[in-house]
Amino acid sequence: MSTTPPRSRSQLDRELMLLRDNVLRLSTMVDAALQQLQQINRQLDVAQARQIIADDTKINRLRYKIEEDAYKLIARHQPTARDLRGIITSIHIAVELERIGDYAAGNSRLLLEMVDEALLISTFSNITRMLDLSRQMMRNAMNAYVHWDEEQARRVIQRDNDIDAIDKQVYQELIDLMTKQSHTISHATYMLWISHNCERIGDRITNICERIIYMVSGEMYYGIRQKGEEL
Amino acid sequence: MTDAQLIAIPNAQQVRQEYALEAHNLSIFYGNFRAVDSVSMKIQYNKITALIGPSGCGKSTLLRSFNRMNDLVPGARIEGELLFQGQNLYDPFVDPVEVRRRIGMVFQKPNPFPKSIYDNVAYGPRIQGIRKKSQLDDIVERSLRQAALWDEVKDKLRQSGLSLSGGQQQRLCIARAIAVEPEILLMDEPCSALDPIATLRIEELMRELQENYTIVIVTHNMQQAARVSDYTAFMMINENRSGGLVEFDLTEKIFTNPSDSRTEDYVTGRFG
């Protein structure tokens, strides 16, 4: 008989919750990486920078586990509607979180390159602010994910402008510095890179929020493109 | 009523309506019991429309009303309108036999006649008065080809239809239904008695038939509706125990982002 067997909703619910918990776990790991990064921004600690890089492997591993679990869930339960949207969104969030982890590891590597150089205090304080904002955005995004809160996801996206503004400011400062004092070029270039990575973290969180909007509303969020506009 | 009093349903070449079939506030009664309550829906040409919903929601009853099969149930009557080529099929002057020729039906359990494969397919055309062997041969071959059965049976057309496997028997029934060149094919859980492989064959066949026919299918299998149909109608019983239409939309919408929370609950397995 090809009639659909009554599906075990409780089993599906359990697996959906496990998937969600793993996404939250991943976000906690990424947040920890960002927090450590903030610390070494204030005071460079070689051991801690190496730790961030080492921990990134764990983040990567969990991201693949989430993806694999999601595929198994789809194959076994053939989810539809909000279940399906929730699973697809979880996969996307895991991918984005993993990329944020990569930026944290990347910045740690860059900082290790600069270990003997005098730190540019004002730039670092701006980068710390960007990381602060990113962490807040990420927390709020994960809250929106857990509570299916479209409005909160939309509010988080707005915050990305603040990160972009700081990045622009850092860029300007560093360009000015390099123009005036050519011996800072190598150092300032690393700093540009670090700042750019922080700006990308904001973009990744924006991507996460766009997915959450889709998860909740079922409508694909096309970012700056107007709704109904041709692709 | 004599034949002279019957009115002919216009054919598609004469007047092509916007929709293949339109139900307007269609209610179906068995005696005093309202089995289906005021359904309005428009079936698109050359699309597959699936009717889904929990047992007893009236989806088979609704499907049977689309070619007046319910007329055969004592005490059954309808209210509302069912428009086909601009003609209300429940007009008293419409000939139900013509309705059933132009809107064919395939049932849940394959039900070939205890006759040869050839005679099963030639049955309808013969009733229509076609006697010429070459013409019948053509119809039998065309129908069996369209039903994706020809290659499997071309060398044994004189064998009994009952000698075929379940999946083949169902394709034979589809060939029999299309031999009289209907415009719409109604399928009432056509795969529920078949194994998964035979089910997939029928589903592929439906996609091929869609080029020439409009198909409406009742299925208990939600994945089947999701796989095979273009539009999905979700029905469920209301507080008066009558079946009603909850939501009718593109299949991809119903299975990814339904508008009604009851549809959402059903397709995600929260009830039903």
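Residues numbered from 1 in each chain as written. Chains lettered and ligands numbered in written order. Predicted model: local features only at pLDDT ≥ 70, side-chain atom pairs only at ≥ 80, totals over all residues. Heavy atoms only, no water.

Each partner contributes to the interface: chain A provides 17 residues, whereas chain B provides 19 residues. Here chain A and chain B share an interface that buries about 1,500 Å² over both sides, 42% of which is from carbon and sulfur atoms. Applying the counting criterion to the chain A and chain B interface returns 1 salt bridge. One salt bridge in this structure joins Asp83(A) and Arg270(B), with 3.6 Å as the shortest N-O distance. Summed over the shared surface of chain A and chain B, the number is 7 residue pairs in polar contact (both at pLDDT 80 or more). Going through the elements one at a time, helix H1 (9–42) and helix H3 (81–113) of chain A are the ones with two or more residues in the side of chain A that touches chain B. Looking at the side of chain A that touches chain B, the element that brings in the most residues is H3(A), giving 5 residues. Residue composition of the side of chain A that touches chain B, grouped by class: 3 nonpolar, 7 polar and 7 charged. (Contact = heavy atoms within 4.5 Å. Buried area = accessible area lost by both parts, 1.4 Å probe. Salt bridge = Lys/Arg side-chain N within 4 Å of Asp/Glu carboxyl O. Polar contact = N/O pair within 3.5 Å; in protein donor to acceptor, adjacent residues only side chain to side chain. Helix = DSSP H or I, 4+ residues; strand = E, 2+ residues; numbered from the N terminus. Nonpolar A, V, L, I, M, F, W, Y, C, P; charged D, E, K, R; others polar.)

This part takes up the confidence of the model for chain A. Close inspection of predicted coordinates is inappropriate in any region flagged by low pLDDT. Averaged over chain A, the pLDDT score is 91; the fraction of residues at 70 or greater is 90%. Confidence drops under pLDDT 50 across residues 1–6 of chain A; counting only partners more than four residues distant or on other chains, this segment forms 15 contacts. (pLDDT = per-residue confidence, 0-100.)

Glancing now at the pattern of salt bridges. Here the idea is simple: oppositely charged side chains can pair when their charged atoms come close. Tallied over the entire structure, the rule returns 30 salt bridges over all chains. Measuring nitrogen to oxygen at the nearest pair gives 3.4 Å for the salt bridge that ties Asp21(A) to Arg20(A). With relative accessibility at 35%, the residue Asp21(A) sits in the partly exposed group. Residue Arg227(B) is joined to Glu203(B) by a salt bridge in which the shortest nitrogen-to-oxygen separation is 2.7 Å. Of the two residues, Arg227(B) sits in helix H8 (residues 222–228) while Glu203(B) sits in helix H7 (residues 196–209), which places them 24 residues apart along the sequence. On the basis of relative accessible area, Arg227(B) is assigned to the partly exposed category, the value being 43%. Through salt bridges that share partners, Arg63(A), Glu67(A) and Glu98(A) make up one connected network. (Buried < 20%, exposed > 50% of the residue type's maximum accessible area, 1.4 Å probe, protein only.)

Residue and element names in this part refer to chain B. In terms of burial, strand S3 (residues 48–52) is largely enclosed, as 5 of its 5 residues are buried. With burial as the criterion, each face of S3 is covered, one bearing Ile-48, Ala-50 and Ile-52 and the other bearing Thr-49 and Leu-51. Relative to strand S8 (residues 214–218), S3 runs parallel, the two sharing 4 bridges. In the strand pairing of S8, Ile-48 is matched with Ile-215. (Pairing = 2+ DSSP bridges.)

Another aspect to go through is unusual backbone geometry. Phi is positive for Gln78(A), which is not a glycine, with a value near 45 degrees. Note that Gln78(A) resides in the loop between helix H2 (46–77) and H3. Of the residues examined, Gln78(A) reaches a relative accessible area of 39% and is grouped as partly exposed. Of note, the phi angle at Asn46(B) is positive, near 55 degrees, even though the residue is not glycine. Relative to the helices and strands, Asn46(B) resides in the loop between strand S2 (33–43) and S3.

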